[in-house]
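A structural walkthrough
Read off the chains here:
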Amino acid sequence: PANPALVLRFQAVEAGTRSLGLQLDSVVVRAPGELENALESAIRRRADALCVPTAIASAYRRQIVDFAARKRWPAIYPDRASAEAGGLMAYGANIAEQLRRAAIYVDKIVKGAKPADLPVEQPTKFEFVVNLKTAKALGLTIPQSLLQRADEIIQ
């Protein structure tokens, strides 16, 4: 909650969920030891699913994926690595593409460009990954229309 960028992202997600007629409930994690209790709190409040923000997903991927599996809780993550680790779904910016774009910037700076003169770029390539093995373990059937939109399906 102290990170203004994350607060803005949360507000955007909250507005999107409201427009879909859904209710968003958040849990706050300020330290690694608080994660399990925060997730348990969401379960007690009868959350139907979990949407994991980027900052948390990369730092605590294994812990979150394992928790969701133990609780048979569907979760969507912001990165392909989480789906590869056993998460149900992932949708987010393509990390390999972002790193490639960062390397181009490093090259420009090394060649003399001033960082302040370079434009800020937003991700343009996103990927959607579905883990069917996890869906089966959760007793979920992923609609064919959703599978057709996936960039990758993990069997």
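Residues numbered from 1 in each chain as written. Predicted model: local features only at pLDDT ≥ 70, side-chain atom pairs only at ≥ 80, totals over all residues. Heavy atoms only, no water.

**Considerations on the layout of surface pockets**
Approximately 170 Å³ is the volume attributed to the second largest pocket. Residue lining of the second largest pocket: N94, E97, Q98, R101, A102, Y105, E121, Q122, P123, T124 and K125, and that is the complete set. Per-class residue counts for the lining of the second largest pocket are three nonpolar, four polar and four charged. (1 Å grid on protein atoms, 1.4 Å probe; cavity = no way out; pocket = protein on both sides within 12 Å on 5 of 7 lines; lining within 4 Å. Points joined across faces, edges and corners; volume = space filled by probe spheres on them. Nonpolar A, V, L, I, M, F, W, Y, C, P; charged D, E, K, R; others polar.)

**Regarding the packing of aromatic side chains**
As enumerated under the stated definition, the model contains three aromatic pairs in all. Measuring from centroid to centroid gives 6.0 Å for Y91 and F126, while their planes differ by 15°, and the two rings are stacked. Of the two residues, Y91 is situated in strand β3 (residues 89-93) and F126 in strand β4 (residues 126-131); the sequence distance between them amounts to 35 residues. When its relative accessible area of 38% is taken as the criterion, F126 is described as partly exposed. According to the relative accessible area criterion, Y91 is partly exposed, its value standing at 48%. Aromatic rings pair up to connect Y91, F126 and F128 into one cluster. (Phe/Tyr/Trp six-rings, centres within 6.5 Å; stacked < 30°, edge-to-face > 60°. Helix = DSSP H or I, 4+ residues; strand = E, 2+ residues; numbered from the N terminus. Buried < 20%, exposed > 50% of the residue type's maximum accessible area, 1.4 Å probe, protein only.)

**Some remarks on the nonpolar core**
With 13 residues, the main nonpolar core has L39, L50, V52, I64, W73 and Y77 as its most contacted residues. At the level of secondary structure, the elements contributing two or more residues to this core comprise α2 (35-44), α3 (54-71) and β2 (75-77). The dominant element in this core, judged by the number of residues it contributes, is α3, at five residues. Every residue in contact with Y77, bar those within four places of it in the chain, is listed here: V52, I64, V65, A68, S82, G87, L88, M89, A90 and Y91. Formed by nine residues, the second largest nonpolar core is a distinct cluster that contains L88, M89, L147 and A150. (Core = buried A, V, L, I, M, F, W, Y, C linked by side-chain atoms within 4.5 Å. Contact = heavy atoms within 4.5 Å.)

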